[in-house]
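Below are the chains, spelled out letter by letter.
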Amino acid sequence: MTPDQPAAPRSRTARPGTGRPAPRSGGAPRLREAVRGKGRAASPVRPRGSAGASRPPRRPPRVNVPEALRGLQQRVRRAWDRPLTAYYLLLGGSLLILVLGLVMVYSASQIKALQSGLAPSYFFRKQLFAAALGGALMLLAVRMPIKLHRAFAYPLLAVSLFLMCLVQVPGMGIAVNGNQNWISFGGPFLLQPSEFGKLALVLWGADLLARKQDKRLLAQWKHLLVPLVPATGMLLGLIMLGGDMGTAIILTAILFGLLWLAGAPTRLFAGVLAFAGVIGLLLIKTSANRMSRLACIGATEPGAHDQCWQAVHGIYALANGGWFGSGLGASMEKWGELPEPHTDFIFAITGEELGLAGTLSVLVLFAALGYAGIRVAGRTEDPFVRYAAGGVTTWITAQAVVNIGAVLGLLPIAGVPLPLFSYGGSALLPTMFAVGLLIAFARAEPAARAALAMRQPALRKKLARVRRKTMRRPVKRRPSGER
C-alpha cells in the first residue's frame, strides 16, 4: 500500500480473535450512559426535589364507628319525624299487605276450590272483587270530612245491630263452621254483620267520648262507662248467641282501647278487665269446643280424636318453610292436611311457601301500620281523631296478634282472619274503610297538609312537562338539498 492510497475502512464484521462485530465509534460513551441510566432507574432512592420523586401511598382515613352510627341514627330520626311519614306508612303498608294477601289467597285456595268442584281461581276472583270494592270504600273514607264520619257513626251502629238481630232469625241466618253469624243474599254471597260491628263501635265510641270530653264529663266514671259499656255488651251478646268467640275478643279489645285512650282510672280499668275475664272463662268452660282449643296451646301432637290437628299442622307448615320457603304454590299442607288454609291459617301457608323471610315481612308491615296509627293518635289535638285512630289501631293490631298467635301455637284458635290478608269480603271491606280513616287523619295533620300543598305545584309541573313531551308532534326530517 502506497502512502498516497487512503486507508481502507475497518471491517465491522468481526473482531480479531472473536466472532462478534466490532462496535461503532463512540460506542463506549453510549454504553456508559446506558449503564448509568439503568442504575438510576433501578435505584430505589431519588434525589429530593426531582419532578418524578415517588411518594408513599396514602392510608385511607380511619372511620369513627360511634360517630357514623350517631349520624345514621340522626338521619333515621329525621326521616321518621317528617310530616308525611305516617301517611306513607299507612298507604304503602296497607297496599303491600293487600297485594301479598291476594297472591297468597290465590296460592292457598286452589286445592280447596278443586276439592269443592270449583274453578281454581274461584276464591281469588271473589277476593279480588272485594278488594276492588274495598279500594273504593277506602278512597271514600279518605275524601270524607271528619264531620261526615261522625254523623255516619250512628246509622252504621243501628244498621249493624239490626243485621246482627237478623242473623238469629231462623231461615235468614246461616251457620258456618258451627257459628251462626252469617246472612245469605243468594248464591255464593254471604255477609257477616259482626265485622261491620267493629267499625261501628270504633266510630260511635270515638264520637261519644269526644262529645263527653268537650263537656268535661269523662272525669266521672258513670259518664265514662255509660252508655259505651252497655252498647258494647249488647253487641257482644248478639255475637255470642252465634258462638263467635273470636270476634267477641276483638270487640272487647276495642272497648279497652277506647277506655285507655279516654284516661280511665287504673282501678276502673282493672275492674272492667277482671269482669270481662270472668265472663270469658265462664264461656270457655261451658263449651267443650272452646276447652279443646285452649288445650291445644303449644301442642306438638294431634292428640286424642285429632282435636289439635289444625294447630299441629300449622306448626308443620311453618317448619317445612325454612328460611326462604318452598316456593309459591309448592305447599304440601294445603293438599287437605291443613283446614282453612286460605282464611284463618293463611299465615301458615305463607310461612311454608315464602319461609321465614315472608312471615317476617308480613310482621314488619303490620308493625309499620301499628306505629303509624299510634303516631296519628298521639299527634292530633282533635279528640275524635285520637279516639278513632286509637280504636282502629287497636282493632287491626289485636286481630293480627290473635291470628298469628294461634298459628304459632301461642294462643288458642279463635277463628279470626288476618286483617287485609286472609280471604273474606265481609272482613276486608270494613277493614279497608278503617285504613282509609287512618290515612285521612294522617293527611289532616297541619304539617302533613302543608307538605302536601307544597308538593302539589311541583307534581303539576312534572305532569305538564310530560304532557308537552307526549303531545308534541314529531317533525319529519327533509332529505338533504330539499327546501
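What counts and how
- Residues numbered from 1 in each chain as written.
- Predicted model: local features only at pLDDT ≥ 70, side-chain atom pairs only at ≥ 80, totals over all residues.
- Heavy atoms only, no water.
- UniProt positions renumbered as here; feature names shortened; annotations may be inferred.
- Salt bridge = Lys/Arg side-chain N within 4 Å of Asp/Glu carboxyl O.
- Helix = DSSP H or I, 4+ residues; strand = E, 2+ residues; numbered from the N terminus.
- Buried < 20%, exposed > 50% of the residue type's maximum accessible area, 1.4 Å probe, protein only.
- Phe/Tyr/Trp six-rings, centres within 6.5 Å; stacked < 30°, edge-to-face > 60°.
- Lys NZ or Arg CZ within 6 Å of the ring centre and 35° of its normal.
- Core = buried A, V, L, I, M, F, W, Y, C linked by side-chain atoms within 4.5 Å.
- Contact = heavy atoms within 4.5 Å.
- Polar contact = N/O pair within 3.5 Å; in protein donor to acceptor, adjacent residues only side chain to side chain.
- Pairing = 2+ DSSP bridges.
- Axes fitted to C-alpha atoms, helices over the stretch in contact; angles between N-to-C directions.
- Parallel < 35°, antiparallel > 145°, perpendicular 65-115°, else oblique.
- Nonpolar A, V, L, I, M, F, W, Y, C, P; charged D, E, K, R; others polar.
- Expected span 1.5 Å × (residues − 1).
- Bend = angle between axes of the 7 residues up to and from the residue.
- Left-handed = near helix turned anticlockwise from the far one by under 90°.
- Patch = residues over 30% accessible without salt bridge, like charges linked within 9 Å, V, L, I, M, F, W, Y side chains within 5 Å.
- Areas by Shrake-Rupley, 256 points an atom, 1.4 Å probe, with all protein chains shown as cover.
- Lys, Arg positive; Asp, Glu negative; His and termini not counted.
- Charge placed at Lys NZ, Arg CZ, Asp CG, Glu CD.

- As recorded in an unreviewed UniProt entry, the chain goes by the name Probable peptidoglycan glycosyltransferase FtsW, listed as coming from Streptomyces violaceusniger.
- What UniProt records for the chain under Subcellular location (unreviewed entry) is the sentence "Cell membrane".
- Under the Function (unreviewed entry) heading, UniProt states for the chain: "Peptidoglycan polymerase that is essential for cell division."

1. So, the pattern of salt bridges
Part 1: For the structure on display, the rule yields four salt bridges.
Part 2: Salt-bridge contacts for Asp 207 lead to Arg 211; the nearest nitrogen and oxygen are separated by 3.2 Å. With a gap of four residues between them, Asp 207 and Arg 211 both fall in helix H6 (residues 193-214), about one helical turn apart.
Part 3: Judged by relative accessible area, which is 34%, Arg 211 ranks as partly exposed.
Part 4: One continuous salt-bridge network, built from bridges that share partners, spans Arg 150, Asp 207 and Arg 211.

2. What about the packing of aromatic side chains?
Part 1: For the structure on display, the rule yields eight aromatic pairs.
Part 2: With a centroid separation of 5.4 Å and an interplanar angle of 70°, the aromatic rings of Trp 260 and Phe 269 are classed as edge-to-face.
Part 3: For Trp 260, a relative accessible area of 62% puts it in the exposed group.
Part 4: Site record: aromatic cluster; members linked through ring pairs are Tyr 122, Phe 123 and Tyr 423.
Part 5: Over the ring of Tyr 387 we find Arg 386; its NZ or CZ atom is 5.2 Å from the centre of that ring.

3. Some remarks on the nonpolar core
Part 1: Core analysis: the largest hydrophobic core is formed by 114 residues, its most contacted members being Leu 228 and Leu 259.
Part 2: The element that contributes the greatest number of residues to this core is helix H14 (residues 383-407), accounting for 13 residues.
Part 3: If near-sequence neighbours (up to four positions away) are discounted, Leu 228 is found in contact with Leu 201, Trp 204, Gly 205, Leu 208, Leu 209, Leu 255, Leu 258 and Leu 259.

4. Some thoughts on the side chain of Thr 247
Part 1: Relative to the helices and strands, Thr 247 resides in helix H9 (residues 245-261).
Part 2: Reaching out from Thr 247, the side chain makes a polar contact with the side chain of Asp 244 at a distance of 2.5 Å.
Part 3: Setting aside residues up to four positions removed in sequence, Thr 247 forms contacts with Gln 192, Ser 194, Glu 195, Lys 198, Ile 239 and Val 416.

5. As for the pairing of strand S2 (residues 179-184)
Part 1: As paired strands, strand S1 (residues 173-176) and S2 are joined by four bridges and run antiparallel to one another. By the bridge assignment for S2, Ile 174 is matched with Trp 182.
Part 2: Between S1 and S2, which follow one another and run antiparallel, lie two residues, and Asn 177 among them has a positive phi close to 55°.

6. Brief notes about the UniProt feature "transmembrane region" (unreviewed entry) in the chain
Part 1: As recorded in UniProt, the sites labelled "transmembrane region" (unreviewed entry) are residues 85-108, 128-144, 151-169, 245-261, 268-284, 354-374, 395-414 and 420-442.
Part 2: Its end C-alpha atoms 15 Å apart, residues 395-414 is made of 65% helix and 0% strand.

7. Concerning the packing of helix H10 (residues 266-285) against helix H11 (residues 288-295)
The angle between the axes and the distance between the axes are what describe a pair of packed helices.
Part 1: Where H10 contacts H11, the two axes come as close as 6 Å, and the packing angle between them is 105°. Looking at the two axes, H10 sits roughly perpendicular to H11. Contacts between H10 and H11 pair Leu 283, Ile 284 and Lys 285 from the former with Arg 290, Met 291 and Leu 294 from the latter.
Part 2: For the contact of H10 with H11, a count of residues per class yields four nonpolar, no polar and two charged.

8. What about helix H13 (residues 346-379)?
Part 1: With 34 residues, H13 extends just 35 Å between its outermost C-alpha atoms, more than 12% less than the 50 Å of an ideal straight helix rising 1.5 Å per residue.
Part 2: At Leu 354, H13 shows its maximal kink, close to 130°.

9. Some words on the sheet that holds strand S3 (residues 190-191)
Part 1: Taken together, three strands build an open sheet; the order of strands is S1-S2-S3 and the sheet is antiparallel. Single-partner strands in this sheet number two, and they are S1 and S3.

10. A short note on the packing of helix H3 (residues 85-115) against helix H4 (residues 122-143)
Part 1: Put simply, H3 and H4 touch, their axes get as near as 7 Å, and they point 160° apart. Between H3 and H4, the crossing angle belongs to the class labelled roughly antiparallel. Judged by the twist between their axes, the crossing of H3 over H4 is right-handed. Taken together, the residues of H4 that come into contact with H3 (itself represented by Leu 95, Leu 98, Leu 102, Val 105, Tyr 106, Ser 109, Lys 112 and Ala 113) are Tyr 122, Phe 123, Phe 124, Gln 127, Leu 128, Ala 131 and Met 138.

11. Some points on a positive patch on the surface
Part 1: There is a patch of like positive charges on the surface, built from Arg 75, Arg 78, Arg 82 and Arg 455.
Part 2: For Arg 455, the location among the structural elements is in helix H16 (residues 446-471).
Part 3: You can call Arg 455 partly exposed: its relative accessible area is 48%.

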